[in-house]
Amino acid sequence: MAKENIIETAVRLFAQKGYDGVSMEEIAKAVGVTKAAIYYHFKDKKALYEAAILSRLEKLVERIERIDLADPTSALRSYILTYGAFLQEYPCFASLLARELIDGGVHMHESFILLAKTLEVLTKIINAGIEKKLFEPSNPMLVQMMIVSTLLMHQTTYKVRERVSSFVEGYPLLPEPKMQKIAEDLAEKIEKIIRRDRR
C-alpha cells in the first residue's frame, strides 16, 4: 500500500510544481514516510516520476485500446470522449502531462511508448476512415494535437480563463462547460474538419 500512496502523492505534487519543483523529502513528508522508504521502492526521483506518469498513462491506453474501430466516425468520437472522460477523472494528470509536454518530454522515457500507442489507435481510426472514403487524408499527429491540447487546456486553465474573460466586454456569462461537453463539441468539430463530405 505504501508504494501506491507514494505514487498518488507524487502525481499530485509533480502536477502542482513540476519535476524540478518537488524534492524526494517533500514527497516523503507528504506521504508520512521516510525518504528511505521511498528509495526502497524507487531508486531515484526520476524513477518515481516515470512511475507516476506511467500509473496514469497505462490506464488511459487500456481504455483507448478498448474502442471499437469498426465504424471510423463512431471510433473517432469515442476516442475523443474517452480522452476527455479520463482527464476529468484524473485532473492532476492533465496538469502533469501539460507540464511535461511544455518541457519537451525531457523527463519521460517509457511514457513515450504509451503515448505512441494512443496515437497508433487514432492513426488506425483515421486510416480506416480514409479507406472507407469517410475522411479526407489527415495527419494523425495534427489531429492528436488538436484533441490533447484542447482537452488539457480546458482542464488546466480555468483560473486564467476566468480572469481573462473578466476583461472582455460583452463576454457571455455562461456556466463553465464540463469536460464531457467540451469533448462532445470537440468531437463534432474535428469530424467536420476531416470528413470527406464536409460542407
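Here, the structure is the one placed above.
What this report covers is the structure whose coordinates are included nearby. (Residues numbered from 1 in each chain as written. Predicted model: local features only at pLDDT ≥ 70, side-chain atom pairs only at ≥ 80, totals over all residues. Heavy atoms only, no water.)

### Some thoughts on the pattern of salt bridges
Applying the stated rule across the entire model yields seven salt bridges. The shortest N-O distance in the salt bridge between Arg-66 and Glu-62 comes to 3.2 Å. (Salt bridge = Lys/Arg side-chain N within 4 Å of Asp/Glu carboxyl O.)

### Topic: the packing of aromatic side chains
The full count for this structure, using the stated rule, is six aromatic pairs. Here Phe-14 and Tyr-19 contribute two aromatic rings whose centre-to-centre distance is 6.1 Å and whose plane-to-plane angle is 15°, an arrangement assigned as stacked. For Phe-14, a relative accessible area of 0% puts it in the buried group. The interplanar angle of 85° and the centroid separation of 5.9 Å between the aromatic rings of Phe-86 and Phe-93 together place this pair among those described as edge-to-face. You can call Phe-86 buried: its relative accessible area is 0%. (Phe/Tyr/Trp six-rings, centres within 6.5 Å; stacked < 30°, edge-to-face > 60°. Buried < 20%, exposed > 50% of the residue type's maximum accessible area, 1.4 Å probe, protein only.)

### Quick word on a nonpolar patch on the surface
Taken together, the side chains of Val-160, Val-164, Val-168 and Tyr-171 present a nonpolar region at the surface, about 370 Å² in accessible area. Summarising the element assignment, Val-164 is placed in helix α9 (residues 158–165). (Patch = residues over 30% accessible without salt bridge, like charges linked within 9 Å, V, L, I, M, F, W, Y side chains within 5 Å. Areas by Shrake-Rupley, 256 points an atom, 1.4 Å probe, with all protein chains shown as cover. Helix = DSSP H or I, 4+ residues; strand = E, 2+ residues; numbered from the N terminus.)

### Observations concerning the layout of surface pockets
Roughly 430 Å³ of volume is contained in the largest pocket. In terms of lining residues, the largest pocket is bounded by 20 residues, among which Leu-101, Met-145, Val-148, Ser-149 and Leu-152 are the most central. Elements supplying a minimum of two residues to the lining of the largest pocket: α6 (91–102), α7 (110–131) and α8 (140–156). Top contributing element to the lining of the largest pocket by residue count: α8, with eight residues. (1 Å grid on protein atoms, 1.4 Å probe; cavity = no way out; pocket = protein on both sides within 12 Å on 5 of 7 lines; lining within 4 Å. Points joined across faces, edges and corners; volume = space filled by probe spheres on them.)

### So, helix α5 (residues 72–89)
An ideal rise of 1.5 Å per residue puts 26 Å on 18 residues; α5 measures up with 25 Å between its terminal C-alpha atoms. For α5, the complete set of buried residues consists of Pro-72, Ala-75, Leu-76, Tyr-79, Ile-80, Thr-82, Tyr-83, Gly-84, Phe-86 and Leu-87. Turning to α5, the residues buried within the fold contact α4 (45–64), α6, α7, α8 and α10 (179–194). (Expected span 1.5 Å × (residues − 1). Contact = heavy atoms within 4.5 Å.)

### Here's the deal with the packing of helix α1 (residues 2–17) against helix α2 (residues 24–31)
Closest axis-to-axis distance for the α1/α2 pair is 9 Å, and the angle between their directions is 125°. Judged by the angle between their axes, α1 and α2 are oblique. Once α1 is placed against α2, the crossing between them reads as right-handed. Contacts between α1 and α2 involve Asn-5, Ile-6, Thr-9, Ala-10, Arg-12, Leu-13, Phe-14 and Lys-17 from the former and Glu-26, Ile-27, Ala-30 and Val-31 from the latter. Its residues assigned to classes, the contact of α1 with α2 shows seven nonpolar, two polar and three charged. (Axes fitted to C-alpha atoms, helices over the stretch in contact; angles between N-to-C directions. Parallel < 35°, antiparallel > 145°, perpendicular 65-115°, else oblique. Left-handed = near helix turned anticlockwise from the far one by under 90°. Nonpolar A, V, L, I, M, F, W, Y, C, P; charged D, E, K, R; others polar.)

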